[in-house]
Amino acid sequence: MPQHEHMERHRKLHGRRLDAAERERKAEARSAHKRSEFAQKVHGIRAKLYNAKRFKEKAAMRKTIAEHNERDNKHANDDKVADGAVPAYLLDREGVSRAKVLSNSVKQKRKEKAGKWDVPIPKVKPVADDEMFKVLKTGKKQNKAWKRMVTKVTYVGENYTRKAPKYERFIRPTGLRFTKAHITHPELKATFHLPIIGVKKNPSSALYTNLGVITKGTVIEVNVSDLGLVTTTGKVVWGKFAQVTNNPELDGCINGSAARVGG
């Protein structure tokens with residue numbers, strides 16, 4: 001057992017306290033007061049570093065909240081009165097002023113950063129570690145159990161080189177490594193066999209994302225340069241996000257649907 005995993009091992013063997021969730025909630029609620037107390041006491045160079053760090057955190061938080069709450073600020077404009085008769089098709093536009101007009105490309109980039117995506121499967125059942133990894137026994141007497149073999153489909157990239165077997169903890173079998181996926185485009189109503197660029201997010205765990213594990217609900221990035229898609233400014237779209245809609249380890253292929261930026 002690796003040295004740093006004694007807490008996880010104890011949790012697996014004996015479970016957690018019954019009031020663990022409540023204690024965590026209280027600790028999180030108290031953390032703001034502790035931060036405030038520390039900020040008032042600290043001085044000198046540590047105070048400068050701490051304030052700079054908190055300033056960046058708050059700026060990032062404000063930006064994320066603003067992007068999630070982004071909307072066109074429409075309000076009635078009573079001052080403007082049209083001269084003469086207004087055509088029927090312009091009646092719904094009458095008396096409306098837009099405080100903020102952004103180009104489509106800027107809106108799309110902001111929403112991408114804010115994480116607003118319309119995906120085919122919004123909620124996914126998480127995959128447990130026991131199902132994801134198979135324990136490999138190693139050592140002269142087969143008494144070491146720190147290695148894990150990934151039992152699901154993975155993507156590792158073109159220039160991937162394995163670590164030396166002695167030091168490799170997570171083993172991704174060659175037979176379960178995929179480089180292409182069948183992606184259905186909801187607007188074009190067609191399916192394409194596209195190369196995978198990378199794994200954007202596996203909803204089950206950040207570890208699975210880093211390992212490139214592809215399960216049902218995983219968001220992957222695919223290469224759509226051959227499809228000839230262009231943006232509103234005329235630039236060719238290189239990569240597009242898609243969500244996996246099947247269980248690749250059972251079907252032997254990756255099927256997915258292209259994700260769209262939501263409103």
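Attention here is on the structure that accompanies the text. These figures come from a predicted structure and were not determined experimentally. (Residues numbered from 1 in each chain as written. Predicted model: local features only at pLDDT ≥ 70, side-chain atom pairs only at ≥ 80, totals over all residues. Heavy atoms only, no water.)

**Focus: the overall build of the chain**
Point 1. In terms of helices and strands, the chain carries seven helices and 14 strands.
Point 2. Relative to its 263 residues, the chain shows a buried fraction of 25%.
Point 3. The long-range fraction of contacts in the chain, counting pairs at least 24 apart against all pairs at least 6 apart in sequence, stands at 50%.
Point 4. With an accessible surface of roughly 19400 Å², the chain has 53% of that area assigned to carbon and sulfur atoms. (Helix = DSSP H or I, 4+ residues; strand = E, 2+ residues; numbered from the N terminus. Buried < 20%, exposed > 50% of the residue type's maximum accessible area, 1.4 Å probe, protein only. Contact = heavy atoms within 4.5 Å. Areas by Shrake-Rupley, 256 points an atom, 1.4 Å probe, with all protein chains shown as cover.)

**Looking at unusual backbone geometry**
Point 1. Notably, Gln-142 is not glycine yet its phi reads approximately 55°, a positive angle.
Point 2. Positionally, Gln-142 belongs in the loop between β4 (133-138) and β5 (144-150).
Point 3. One non-glycine residue, Lys-189, adopts positive backbone phi at about 55°.
Point 4. By secondary structure assignment, the location of Lys-189 is in the loop between β8 (180-185) and β9 (190-201).

**Notes on the sheet that holds β5**
Point 1. Pairing within the open sheet is mixed, and its three strands lie in the order β4-β5-β7. Since the sheet does not close on itself, it has two edges, and those belong to β4 and β7 (170-171), each with one partner. (Pairing = 2+ DSSP bridges.)

**Some remarks on the nonpolar core**
Point 1. Ranked by size, the top nonpolar core spans 18 residues in total, and within it Ile-183, Ile-196, Ile-214, Ile-220 and Ile-254 carry the most contacts.
Point 2. At the level of elements, β8, β9, β11 (219-223) and β12 (239-244) are the ones that each hand at least two residues to this core.
Point 3. Looking at this core element by element, the count peaks at three residues for β9.
Point 4. In terms of nonpolar packing, the next biggest core, distinct from the first, is built from eight residues, Val-127, Met-132, Leu-211 and Val-213 among them. (Core = buried A, V, L, I, M, F, W, Y, C linked by side-chain atoms within 4.5 Å.)

**Here we look at a positive patch on the surface**
Point 1. Together, Arg-23, Lys-26, Arg-30 and Lys-34 make up a positively charged patch on the protein surface.
Point 2. You can see Lys-26 is positioned in helix α2 (residues 20-41). (Patch = residues over 30% accessible without salt bridge, like charges linked within 9 Å, V, L, I, M, F, W, Y side chains within 5 Å. Salt bridge = Lys/Arg side-chain N within 4 Å of Asp/Glu carboxyl O. Lys, Arg positive; Asp, Glu negative; His and termini not counted. Charge placed at Lys NZ, Arg CZ, Asp CG, Glu CD.)

**Section: the side chain of Thr-218**
Point 1. Secondary-structure assignment places Thr-218 in the loop between β10 (213-214) and β11.
Point 2. We classify Thr-218 as buried; its relative accessible area is 0%.
Point 3. A distance of 2.8 Å separates a polar atom in the side chain of Thr-218 from the backbone oxygen of Thr-215.
Point 4. Filtering out sequence-adjacent residues up to four positions away, Thr-218 remains in contact with Val-199, Lys-201, Asn-202, Pro-203, Val-213, Ala-242, Gln-243 and Val-244. (Polar contact = N/O pair within 3.5 Å; in protein donor to acceptor, adjacent residues only side chain to side chain.)

**Regarding the pairing of β5**
Point 1. With five bridges joining them, β4 and β5 adopt antiparallel strand pairing. Following the sheet pairing, Phe-133 is matched in β5 by Val-150.
Point 2. Here β4 hands over to β5 after five residues, with Gly-139 in that stretch at a positive phi of 95°.
Point 3. With two bridges joining them, β5 and β7 adopt parallel strand pairing. Looking across to β7, one finds that Arg-148 is bridged to Phe-170.

**A look at the sheet that holds β12**
Point 1. Taking strand neighbours around the barrel as the criterion, the five strands line up as β8-β9-β11-β12-β13 in a closed arrangement whose pairing is mixed. On average, each strand axis in the sheet is inclined to that of its neighbour by 50°, with strand direction left out of account.
Point 2. Of the pairings in the sheet, the one linking β12 to strand β13 (residues 255-258) comprises three bridges and is antiparallel in character. Considered in β13, the bridge of Gln-243 is made with Ser-257. (Axes fitted to C-alpha atoms, helices over the stretch in contact; angles between N-to-C directions.)

**So, α2**
Point 1. Helix length check: α2, at 22 residues, gives a terminal C-alpha distance of 30 Å against a target of 32 Å (1.5 Å per residue), a fit within 8%.
Point 2. Where α2 bends most, the angle comes to about 30°, and this point is Ser-31. (Expected span 1.5 Å × (residues − 1). Bend = angle between axes of the 7 residues up to and from the residue.)

**Here we look at the packing of aromatic side chains**
Point 1. Counted according to the given criterion, the structure contains three aromatic pairs.
Point 2. Both rings, one in Phe-38 and one in Tyr-50, keep their centres 5.0 Å apart while their planes meet at 75°; by these two values the pair is edge-to-face. Pair noted here: Phe-38 is in helix α2 and Tyr-50 is in helix α3 (residues 45-68), with a separation of twelve residues, a long-range link.
Point 3. Taking the relative accessible area as the measure of exposure, Phe-38 reaches 33% and is therefore partly exposed.
Point 4. What makes Tyr-50 buried here is its relative accessible area of 14%.
Point 5. Geometrically, the ring pair formed by Phe-133 and Tyr-208 is edge-to-face, given 5.9 Å between the ring centres and 70° between the ring planes. Within this pair, whereas Phe-133 is found in strand β4, its partner Tyr-208 is found in helix α6 (residues 206-211), the two being separated by 75 residues in sequence.
Point 6. What makes Phe-133 buried here is its relative accessible area of 10%. (Phe/Tyr/Trp six-rings, centres within 6.5 Å; stacked < 30°, edge-to-face > 60°.)

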